[in-house]
Structure formats: C-alpha cells, structure tokens
Amino acid sequence: MKKSFFIYLFLLLSITSTAQEKLSLEQAIQVTLERNYDILLAKNDSLNVAVDREYAYALFLPVLNATGTKTWNKNDQKQLLANGEERGSPNIRSSNMQGAVALNWTLFDGMKMFVLRERYDQQNILAGYQLKNQITESLAQLIATYYDIVRQKQQLKATLELIDLNKERVVLAEKKVSVGLGSKPELLQARVDLNAQQSLLIQQRTLIEQLKETLNQIMRVDNNAQYDVYDSIPFNESLVLGDLHDDAERTNWSLAIARQNVQLAQLWVKENKADRYPTVTWNTAYNFSRTENQTVINNFTPLFNRNLGLNYGLSVNIPLFNKFTVRKNILRANYALTASELELERQRSLVHLALNNQFKNYQTSLQMLDLEEQNIQLAQENVQIAMARFKQGVTTNLELREAQKSLEDGYNRLIQARYNTKLAETELLKLKGDLIK
C-alpha cells in the first residue's frame with residue numbers, strides 16, 4: 001500500500017514536472033489494484049460476505065431475551081353479588097410490574113445449523129473468486145489500454161518519419177520546378193501528401209491524450225496527471241496450449257465461480273432436506289410479576305401480590321404435513337443443482353474453446369509479426385532507393401509516392417500486428433487466470 005501511495009503521489013506531482021516521467025505497466029497495475037473502482041467494489045462485496053462467515057459460530061448459540069413492563073391503572077368498579085349485596089368504589093388505583101429473562105436454544109434442527117455454517121464458508125470462497133475475477137478483468141482492460149497508448153505512440157513515430165520523407169520530397173519537387181525539370185502538379189501532390197500526414201499527426205496526438213484519460217480512469221487518478229509510457233511492447237513467446245488448458249482448470253476464475261456455485265447448490269439441497277426432521281428446542285425463563293392495589297372492594301383480592309420463579313423444559317416441533325412445501329423446495333433445489341452443474345460444463349466448454357481460438361490468434365499474430373518485421377525493413381530500403389533515384393532524376397514522383405505509401409502501409413500492419421499479439425497473449429493469460437501474479 002505504501003508503494004502504491006508513492007506511485008499515485010508521483011502521478012500527481014508529475015503534473016507540474018517539466019519533463020514527463022515514465023509510467024511502467026507494473027506501476028500502473030499497482031495503482032489499479034489499490035484504487036480501481038470495480039476492484040474496490042468487489043472487495044467491499046467480499047468483506048460483506050465475510051461477515052456471515054465471521055459470525056457463523058452464532059448459529060449454535062442460544063437466543064436470550066429480557067422483557068419488562070410497568071402498568072398503572074385507575075378504574076371505577078362496581079359489583080353485584082349473588083346475595084344481592086352491591087359493592088363499588090370510584091378511582092381505584094393499582095400498579096403492575098412484570099419482567100422475564102427467557103432463553104431459547106435450538107438443540108437439533110435436522111443438521112441445518114451445520115449446513116448453514118458450511119454455506120457461509122463456501123459463500124466466502126465464492127466472493128474471493130469473484131474478487132479475483134474482477135481483478136483479472138480490470139487488469140486485462142488496463143493492459144489493453146496501456147499498450148494501446150504504446151501502439152499509438154509507435155504510430156506517431158511512424159507518422160513523424162513519413163512527414164520527414166514528405167518534407168524532403170516537397171523540397172526536391174520545389175527544386176525541380178525551380179530549374180524547370182519538374183512539374184507543378186508533382187509539387188502540389190507532394191504538399192497535399194505532406195498536409196495529409198500532418199493532419200494524421202494531429203489526430204494521433206489527440207487519440208493518445210484520450211487513451212491516457214481512459215487509463216487514468218481505470219487507475220482512478222487525476223485526469224490532469226502528466227506522464228508518458230514506454231515505447232516497446234514485450235511478448236511472451238513461450239505459451240503452450242496444453243499447459244494453458246491444464247492451468248485454466250485450476251485457476252480460471254470463471255470456472256472456479258461455476259464450481260463454487262455447484263457446491264452452494266448442493267448445500268441448498270441439504271438445507272431444504274433438513275426441514276423434514278423435527279426441531280428440538282430447550283426453553284427456560286425466569287419470570288417476575290408484582291401487583292399493588294391501593295384499594296379493593298373484594299375481601300379476597302390481595303392488596304399486594306408478587307410472583308417470581310424459574311421454568312424450563314423441552315419443546316419438539318415435528319413436521320407432519322405442510323402442503324408438500326418441503327418436497328417442493330427440495331425439487332427446486334435439485335433443479336437448481338442440475339442447472340449449476342450444466343452451467344459448469346458450459347463454462348468449461350467456453351473456456352477451452354476460447355483458449356483454442358485465442359491460441360490460434362496468438363500463433364497467427366506471432367507469424368504475422370515476424371513477417372511484418374521483415375516487410376518494414378524491405379519497405380524502408382525501398383524508400384531509400386526510390387528517394388536516391390528521385391534525386392538523380394531516374395525515377396518519377398509517382399514511383400517515390402508508391403514507395404512511401406508501401407512504407408506507410410507496412411508501418412500500419414507492423415504496429416497493428418504488435419498490438420494484436422499482445423492482446424492475444426493477454427487474453428490467454430486472462431483465461432489461464434495468470435494476470436494477478
């Protein structure tokens with residue numbers, strides 16, 4: 001936490017820095033783990049679930065309640081006895097005070113208490129898996145955004161290189177026109193191409209700033225924070241499909257959540273089956289009652305009466321017939337169990353299908369990346385030759401422009417291939433459940 005605080009502080013202080021500091025992916029991940037909204041919400045949900053598990057022991061404890069009342073009475077009384085005698089008195093005052101301490105302790109409920117305790121444990125495990133799944137999703141989004149900025153920076157660098165080539169082409173076209181060896185349309189086309197590249201440069205810089213704002217939102221830092229990212233995209237070329245499948249069975253968090261839901265569905269079946277059994281409860285109470293009458297009209301009515309004492313015993317509740325409610329709930333729980341098992345198999349199928357497809361994308365991207373790395377060298381050499389020939393007047397403006405266009409397309413394909421390779425690698429690690437490390 002201290003480390004992430006200093007990273008966050010560095011981001012804020014870099015606003016006033018004259019030279020932008022470099023933000024590494026590891027630093028961005030550290031800040032995201034501590035400050036990302038989605039991760040913090042998932043952590044809060046996990047802590048909320050953990051409360052039930054922390055107090056699961058209370059399921060086995062008794063319930064103890066104390067009650068107390070105090071009543072004042074003011075009555076007018078009149079009585080007619082069987083012998084014809086009449087008795088009466090107005091404004092008869094009395095008071096009554098009662099208190100009790102009662103304890104109820106469930107001794108047996110069909111083992112439902114034990115099932116509930118286990119359910120709290122399994123729900124806590126599920127919340128942990130859900131938190132890890134959210135962390136994986138947030139980090140995958142962070143990595144994709146971070147390297148998208150890197151991609152756009154590489155595109156910016158390529159655009160600057162093309163602008164330099166177009167500027168040189170404009171200068172050469174102007175010289176040719178000035179000595180009568182070139183044509184005005186060639187010069188105009190060269191300027192049009194230069195302006196087009198400069199327009200792309202403006203758009204590229206705007207896109208980079210927008211992506212940085214998106215990255216700031218993921219990390220939850222000030223949008224005014226000024227920093228730069230590194231220029232290269234590293235690759236992991238050692239991924240093996242078989243290992244990915246094996247690891248996904250253990251650490252893919254979507255699969256882990258589905259397996260945990262099966263566990264909870266099984267416990268729900270046990271919880272409903274427990275309603276078939278009787279419930280045995282220990283009951284005990286200490287009662288106190290006190291009554292004071294200021295005046296009585298019946299000689300057998302006491303002026304003062306007090307009762308106190310302890311009572312205790314067992315109560316048994318045996319379910320005999322409840323409109324098939326228990327049976328209906330058990331059937332529903334079994335259907336839910338079947339659904340969760342099917343969902344687990346479906347999720348496993350989807351994960352392995354995604355692994356197969358993403359691994360093909362990963363291999364294809366690596367092959368294309370290798371090919372485009374070769375192509376860009378050929379395109380750069382071709383532009384140099386075309387430029388030299390253009391200076392000597394051997395080649396035409398159209399041929400030079402075609403060479404520059406081939407270089408531009410080569411940069412676009414190369415930079416896109418780098419980004420696609422990183423996305424495929426990130427998706428494979430996400431499916432494997434390895435982004436959290």
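For the structure itself, look to the data block above.
Starting afresh in each chain, residues are numbered from 1 along the sequence in its written order. Totals for whole chains, interfaces and linings use all residues, but because this is a predicted model, local features are given only for residues with pLDDT of at least 70 and pairs of side-chain atoms are given and counted only at 80 or more. The side-chain values count all of the structure's non-hydrogen atoms but skip hydrogen atoms and water molecules.

(A) Looking closely at the pairing of strand β2 (residues 63-80). The buried count for β2 comes to 0 of 18 residues, which makes it a mostly uncovered element. Where β2 meets strand β3 (residues 86-108), 17 bridges bridge the pair, whose relative direction is antiparallel. If you follow Asn75 over to β3, its bridge partner there is Ile92. Each residue is assigned to one of three classes by its accessible area relative to the maximum for its type, calculated with a 1.4 Å probe on protein chains only: buried under 20%, partly exposed between the two thresholds, exposed over 50%. A run of DSSP states H or I qualifies as a helix once it reaches four residues; a run of E qualifies as a strand once it reaches two. Both are numbered from the N-terminal end. Strands qualify as paired when DSSP identifies two bridges or more between them.

(B) Layout of the packing of aromatic side chains. Aromatic contacts are taken between Phe, Tyr and Trp rings whose centres are within 6.5 Å, Trp giving its six-membered ring; a plane angle under 30 degrees counts as stacked, one over 60 as edge-to-face, and the others as tilted. This structure, assessed with the given rule, holds 7 aromatic pairs. A centroid spacing of 6.0 Å and a plane angle of 25° characterise the contact between Trp282 and Tyr312, whose relative ring orientation is stacked. Separated by 30 residues along the polypeptide, Trp282 in strand β5 (residues 279-293) and Tyr312 in strand β6 (residues 304-317) bring together distant segments of the chain. Trp282 sits in the partly exposed class, given a relative accessible area of 30%. The exposed category is assigned to Tyr312, whose relative accessible area is 59%. Geometrically, the ring pair formed by Phe321 and Phe324 is edge-to-face, given 5.3 Å between the ring centres and 85° between the ring planes.

(C) Just a nonpolar patch on the surface, in detail. Nonpolar side chains collect at one region of the surface, where Trp105, Leu107, Phe108, Met111, Phe114, Tyr277 and Leu314 lie side by side and expose about 680 Å² of accessible area between them. Sort the elements by how many residues they give to the nonpolar patch and β3 lands first, with 3 residues. Patch membership is restricted to residues that have no salt bridge and whose relative accessible area is over 30%. Joining uses 9 Å for like charges and 5 Å for the nonpolar side chains Val, Leu, Ile, Met, Phe, Trp and Tyr. Method for areas: the Shrake-Rupley scheme with a 1.4 Å probe, in which residue coverage is limited to the protein chains shown. Whenever Lys or Arg places a side-chain nitrogen within 4 Å of a carboxyl oxygen from Asp or Glu, that contact is recorded as a salt bridge.

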